[in-house]
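Results of the structural survey
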Amino acid sequence: MPGRASPAKAAVGDKPVFAYIASLPDGQRAIAEAVDALAARTLPGLTRSIKWGMSYYGVGDGWCFCCGAFDDIVKLMFVNGTTLDPVPPVTPVAMGKATRGVELATLADLDEEQVADWMRQITSRPGVGGRKA
């Protein structure tokens, strides 16, 4: 997947997200599994989806953050991430001016405490895209 998201088809629900994560190479899969598990532990009422070849997560109305594998890293991006405190350090290309996140090359790069805090913060703001059944 050099430089772009996977060809995973858009779909709502846990099953397509788990299938997407299972399709990733070992190192990226471990990171994506850890992010997904952290989201599940941190956010009651979590909803999952595949959009644009990445896993998207939300609580309530709309999607709040996404996780996708690119080259040798996993990108965890927060929609409206500029509103987070502290603001995540990475500004992604072509994901909107307010999106911010982190790039995770290894599982050790995942700061669970900080990411869980960002997850809680971002789900207290309006999501984007709404839910479609």
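Please refer to the structure higher up on the page.
Each value, and the rule that gives it
Residues numbered from 1 in each chain as written. Predicted model: local features only at pLDDT ≥ 70, side-chain atom pairs only at ≥ 80, totals over all residues. Heavy atoms only, no water. Axes fitted to C-alpha atoms, helices over the stretch in contact; angles between N-to-C directions. Helix = DSSP H or I, 4+ residues; strand = E, 2+ residues; numbered from the N terminus. Parallel < 35°, antiparallel > 145°, perpendicular 65-115°, else oblique. Contact = heavy atoms within 4.5 Å. Left-handed = near helix turned anticlockwise from the far one by under 90°. Buried < 20%, exposed > 50% of the residue type's maximum accessible area, 1.4 Å probe, protein only. Core = buried A, V, L, I, M, F, W, Y, C linked by side-chain atoms within 4.5 Å. Arc of directions from axis to C-beta. Pairing = 2+ DSSP bridges.

1. Observations regarding the packing of helix α1 (residues 14-22) against helix α2 (residues 26-42)
- Packing of α1 against α2 leaves a shortest axis separation of 9 Å and a crossing angle of 150°. Relative to α2, α1 is oriented roughly antiparallel. For the pair formed by α1 and α2, the contact residues are Val 17, Phe 18, Ile 21 and Ala 22 on the first element and Arg 29, Ala 32, Glu 33 and Asp 36 on the second.

2. Overview of the packing of α2 against helix α3 (residues 112-122)
- Packing of α2 against α3 brings their axes to within 10 Å, and their N-to-C directions diverge by 55°. As the angle between them shows, α2 and α3 are arranged oblique. For the pair α2 and α3, the crossing hand works out as right-handed. Contacts between α2 and α3 involve Val 35, Leu 38, Ala 39, Arg 41 and Thr 42 from the first element and Glu 112, Val 115, Ala 116, Met 119 and Arg 120 from the second.

3. With respect to α3
- Within the span of α3, buried status applies to Val 115, Ala 116, Trp 118, Met 119, Gln 121 and Ile 122.
- The secondary structure elements touched by the buried residues of α3 are α2, β4 (65-70), β5 (73-78) and β6 (100-104).

4. Section: the nonpolar core
- In this structure, Val 35, Tyr 57, Phe 65, Leu 76, Phe 78, Val 115 and Met 119 are the most contacted members of the largest nonpolar core, which totals 30 residues.
- Looking at this core, the elements with two or more residues in it are α1, α2, β4, β5, β6 and α3.
- Residues in contact with Phe 65, not counting those within four places in the same chain, are Ala 39, Leu 43, Ser 55, Tyr 56, Tyr 57, Leu 76, Met 77, Phe 78, Val 79, Met 119 and Ile 122.
- Tyr 56, Cys 66, Phe 70 and Val 90 belong to the second-largest nonpolar core, a separate cluster that totals seven residues.

5. Re α1
- Val 17, Tyr 20 and Ile 21 are the residues of α1 that are buried. End-on view of α1: buried residues confined to an arc of 95°, all on one side of the axis.
- Residues of α1 that are buried sit in contact with α2, β2 (47-51), β3 (54-58) and β4.

6. Regarding the environment of Phe 78
- Within the element layout of this structure, Phe 78 appears in strand β5.
- For the pair formed by Phe 78 and Gly 60, sequence separation is 18 residues and the distance between their alpha carbons is 15 Å.
- If near-sequence neighbours (up to four positions away) are discounted, Phe 78 is found in contact with Cys 64, Phe 65, Leu 84, Pro 88, Ala 98, Thr 99, Arg 100, Gly 101, Val 115, Trp 118, Met 119 and Ile 122.

7. Overview of the sheet that holds β6
- Strand order across the open sheet formed by six strands is β1-β2-β3-β4-β5-β6, with antiparallel pairing between neighbours. For this open sheet the edge positions go to β1 (11-12) and β6, each flanked by a neighbour on one side alone.
- Across the sheet, α1 is in contact with β1, β2, β3 and β4; its angle to β2 comes to roughly 60°.
- Lying on the sheet, α2 is in contact with β2, β3, β4, β5 and β6; it crosses β4 at an angle near 170°.

8. With respect to the environment of Pro 89
- Locating Pro 89 in the fold gives a position in the loop between β5 and β6.
- Residue class for Pro 89 comes out exposed when judged on its relative accessible area of 64%.
- Distance in space between the C-alpha atoms of Pro 89 and Gly 101 is 6.2 Å, their sequence separation being 12 residues.
- With residues up to four places along the chain from it excluded, the contact list for Pro 89 reads Gly 101, Val 102 and Trp 118.

Honestly, that's just the spatial picture; any functional story needs more than this.
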